[in-house]
Amino acid sequence: MSVDPKTFNRPQIEALGADKVDNLGRAVLTLTKEVCVLLDRQAVLEAKLEEAGITTREALDTWEPDEATQKRIDDQMGAVIQAVVREISDV
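This one's a predicted model, so the numbers in the text were calculated from it and none came from an experiment.

Scoring rules and cut-offs
- Residues numbered from 1 in each chain as written.
- Predicted model: local features only at pLDDT ≥ 70, side-chain atom pairs only at ≥ 80, totals over all residues.
- Heavy atoms only, no water.
- Helix = DSSP H or I, 4+ residues; strand = E, 2+ residues; numbered from the N terminus.
- Expected span 1.5 Å × (residues − 1).
- Contact = heavy atoms within 4.5 Å.
- Polar contact = N/O pair within 3.5 Å; in protein donor to acceptor, adjacent residues only side chain to side chain.
- Salt bridge = Lys/Arg side-chain N within 4 Å of Asp/Glu carboxyl O.
- Buried < 20%, exposed > 50% of the residue type's maximum accessible area, 1.4 Å probe, protein only.
- pLDDT = per-residue confidence, 0-100.

(A) Seen up close, helix α3 (residues 67-89). Between its first and last C-alpha atoms α3 spans 32 Å; for 23 residues at 1.5 Å apiece the expected length is 33 Å, and the two agree. Those residues of α3 that are buried are in contact with α1 (21-51). Sitting at the head of α3, Asp 66 places a side-chain oxygen 3.3 Å from the backbone nitrogen of Ala 68.

Shown next as structure tokens:
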């Protein structure tokens, strides 16, 4: 059974005090850079997979992972969230 992904949206920390604004800015920039890299690589991979006749974007959009794969996705998401929270919290 996978963890409810919505639990990652509201971590139970006090990280956004006035003294943490710089940390928050760094966290947002770090996350933005990572998202940009991922979006670029995903677009390239989708185009190459479709070009090679391996799959289509529609098939990727509608795919549902098995339980083990969903756990790996949840674990990776948790690691990213923790990294961002560490930046905000200056831990």
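Continuing now.
(B) Inspection of the pattern of salt bridges at higher detail. Counted under the stated rule, the structure contains four salt bridges. The partner of Glu 46 in a salt bridge is Arg 57, and the shortest N-O contact between them spans 3.4 Å. Note that Glu 46 is positioned in helix α1 and Arg 57 in helix α2 (residues 57-62), a separation of eleven residues in sequence. Judged by relative accessible area, which is 15%, Glu 46 ranks as buried. For Glu 51, the salt bridge is made with Lys 48, and the minimal N-O distance between the two is 3.0 Å. Here the residue Glu 51 and the residue Lys 48 both occupy positions in helix α1, the gap between them amounting to three residues, near one helical turn. Classification of Glu 51 as exposed rests on a relative accessible area of 61%. Under the relative-accessibility criterion, Lys 48 is labelled partly exposed at 48%.

(C) A look at the confidence of the model for the protein. In the predicted model, the protein carries a mean pLDDT of 85, and 80% of its residues have values of at least 70. Within the protein, α3 has the poorest average pLDDT of any element, 89, and α2 the best, 93.

(D) Up close: the side chain of Asn 23. You can see Asn 23 is positioned in helix α1. Owing to a relative accessible area of 6%, Asn 23 belongs among the buried residues under this scheme. Looking at Asn 23, its side chain comes within polar contact range of the side chain of Arg 26, at 2.2 Å.

(E) Local environment of α1. A rise of 1.5 Å per residue sets the reference length of α1, with its 31 residues, at 45 Å; its end C-alpha atoms lie 45 Å apart and thus fit the reference within 8%. Within α1, the full set of buried residues consists of Asn 23, Ala 27 and Glu 46. Summarising the contacts, the buried residues of α1 are in contact with α2 and α3. Backbone geometry just downstream of α1 places Gly 53 in the positive-phi region, at approximately 75°.

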